[in-house]
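Overview (structure and organization)
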Amino acid sequence: MKEMIQVRNLNKTFVSVKRGEGFSAALKSFIFPTKETKHALSDVSFSIHAGEICGFLGPNGAGKSTCIKILSGIMYPTSGTVSIMGYVPWVNRKAYVRNIGVVFGQKSQLWWDLPPIDSMHLNKAIYDIPDKVFFRNLNSMVKMLGVEDVVKRQTRTLSLGERMKCDFIIAMLHDPKVVFLDEPTIGLDVFAKESIREFVSSWNRRKGTTFILTTHDLDDIERLASRIIVIDQGKMIFDDKLAALRTEMGAHKYVTVSCKNPIGPVSHGAKVLRRLSSSEKQFRLDTGKRSIGEFIKEVSRGNQLVDLTVEEPPIEEIIKELYGKGK
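Attention here is on the structure that accompanies the text. (Residues numbered from 1 in each chain as written. Predicted model: local features only at pLDDT ≥ 70, side-chain atom pairs only at ≥ 80, totals over all residues. Heavy atoms only, no water.)

**So, the overall build of the protein chain**
Counting its regular elements, the protein chain contains eleven helices and 13 strands. Relative to a compact globule of 327 residues, whose C-alpha radius of gyration would be 20 Å, the protein chain shows 25 Å and is clearly more extended. Counting only C-alpha atoms, the protein chain reaches 75 × 60 × 45 Å along its principal axes. For the protein chain, contacts bridging at least 24 residues in sequence account for 71% of all contacts bridging at least 6. Looking at the protein chain as shown, the accessible area adds up to about 17,000 Å², and 52% of this sits on carbon and sulfur atoms. Averaging the coordinates of the 48 positive side-chain charges in the protein chain and doing the same for the 37 negative ones gives two points 3 Å apart. (Helix = DSSP H or I, 4+ residues; strand = E, 2+ residues; numbered from the N terminus. Rg over C-alpha atoms; globule rule 2.2 N^0.38 Å. Contact = heavy atoms within 4.5 Å. Areas by Shrake-Rupley, 256 points an atom, 1.4 Å probe, with all protein chains shown as cover. Lys, Arg positive; Asp, Glu negative; His and termini not counted. Charge placed at Lys NZ, Arg CZ, Asp CG, Glu CD.)

Now the structure itself:
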C-alpha cells in the first residue's frame, strides 16, 4: 500500500523567557533573560498509508496539536523531515494546501452573515474547482448530510451541528487527498455526531481519502480510526491498531457477578467497582494475577452463582493507563 505521509525524527522546541511578577522582575528579565526550553516533540517518526483513518490521541499539552500543525504546513519543525504526497508542507505550501482539507471543531470556515452555499461558491473560486467536480461533490455531500435546506439559510441562524456539516462540505469540495480533522464532533449532540461519523466513514470508502483525526472523544476513535497514534510529553508512546492497544493494556476485565447470597471479600487481583447490591457486584479483575475461572471459583464458594458478565474495560480506562505508562 502506498505511503501517503512519511514523518522521520520530528522535533519541535520552543524557547521562552521566564520572568517573575512586577515591573522590576520584567526589567530584570529583559536585561538578563532566563530562558526555558520546552520540547514539544521529541524524535517522532511514523508513516500513514493512503486511505487510512488515523487517530491522534494525547492529553492536553502532549504535543499532538503541534504535530498536526507541522503536518498541515502551519508550523516549522526544529528538525526532522516530513513528506506528504511528495510535498514538504512548509516549503511547498501553496501547491500542498490545494491537496489537503482541514476541519476545526472550534473554528468555522463559514461567513457568518452569508448562507453556507455562498461560502461554498467562494471556495470554488479560491481552489479553482471545475464546475463538474464542484457540483458533483456539492450535491453528493448535501444529500449525504441531509442539509438541502440548511445551506440556503444564513449561517448565524444555524445550529452547531448544522454549521459543522457545512464545514465538512467546504473542506471536501476540492477532492483533497488528505484531510485533517481537529475535534470535529466537539459540542455536538449524539445525532449530529453519528451523522458526521457516518459521513467520514462513507467518504473514506468511496474516495479513499486519508483522514487524520485529533480528538478527545474516544467514541470517534472507536467508530472511525483503523489505527491510533498516542503522543505524551512530546514522545510517541503507541502506534498500532486499536485492537492491539486493547491486547497490550487489556490485562484487566470488568466482571459483574450476581449470587444468591451476599458476596464476601475476595483475596487478591480484584477490586470492587460498583456495589449493585449485597449479592451483585462489578469487579475490575487483573487477569495477569489470576484467571477468571479462579476468581469465579472463589466468589461462588459456598454461594450459588446466579449470573455472570465479563466485559472489556472502557477505552477511556485503557488510554488513561497508557498515559500513565508514558509518564
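Further notes follow.
**Brief notes about the pairing of strand β6 (residues 178-182)**
Of all the five residues making up β6, four are buried; the element is thus mostly covered by neighbouring parts of the structure. With five bridges joining them, strand β5 (residues 100-104) and β6 adopt parallel strand pairing. Bridging from a neighbouring strand, G101 pairs with V179 of β6. In the sheet, β6 pairs with strand β7 (residues 210-214) via five bridges, with the strands oriented parallel. The residue bridging L181 from the neighbouring strand is L213, located in β7. Each parallel crossover has a hand, and for β6 linked through helix α7 (residues 190-207) to β7 it is right-handed. (Buried < 20%, exposed > 50% of the residue type's maximum accessible area, 1.4 Å probe, protein only. Pairing = 2+ DSSP bridges. Right-handed = clockwise from strand over helix to strand, strands pointing away.)

**With respect to the nonpolar core**
By size, the foremost hydrophobic cluster in this structure holds 44 residues, and its most contacted members are M120, I169, V200 and I228. At seven residues, the largest contribution of residues to this core is made by helix α6 (residues 160-172). Within the second largest apolar cluster, 25 residues are counted, among which are F46, L71, V82 and I212. (Core = buried A, V, L, I, M, F, W, Y, C linked by side-chain atoms within 4.5 Å.)

**Brief notes about the pairing of strand β12 (residues 280-286)**
Within β12, five of the seven residues are buried, which leaves it mostly tucked inside the rest of the structure. Across seven bridges, the pairing between strand β10 (residues 252-259) and β12 is antiparallel. By the bridge assignment for β12, Y254 is matched with R284. Note that strand β11 (residues 270-277) and β12 share six bridges and pair antiparallel. Directly across from R275, in β12, lies its bridge partner K281.

**Notes on the state of the cysteines**
One pass over the full model with this rule turns up zero disulfides. No disulfide involves C67; its sulfur sits 9.7 Å from that of C54, the nearest cysteine. (Disulfide = S-S within 2.5 Å.)

**Structural notes on the packing of α6 against α7**
In contact at an axis separation of 10 Å, α6 and α7 are set at 15° when each is read in the N-to-C sense. In terms of orientation, α6 and α7 fall into the roughly parallel class. Crossing geometry of α6 relative to α7 is assigned as right-handed. For the pair α6 and α7, the contacting residues are G161, M164, K165, F168 and M172 in the first and A192, S195, I196, F199, V200 and W203 in the second. Looking at the contact of α6 with α7 residue by residue, the classes come out as eight nonpolar, two polar and one charged. (Axes fitted to C-alpha atoms, helices over the stretch in contact; angles between N-to-C directions. Parallel < 35°, antiparallel > 145°, perpendicular 65-115°, else oblique. Left-handed = near helix turned anticlockwise from the far one by under 90°. Nonpolar A, V, L, I, M, F, W, Y, C, P; charged D, E, K, R; others polar.)

Function cannot be read off these values alone, since they describe shape.
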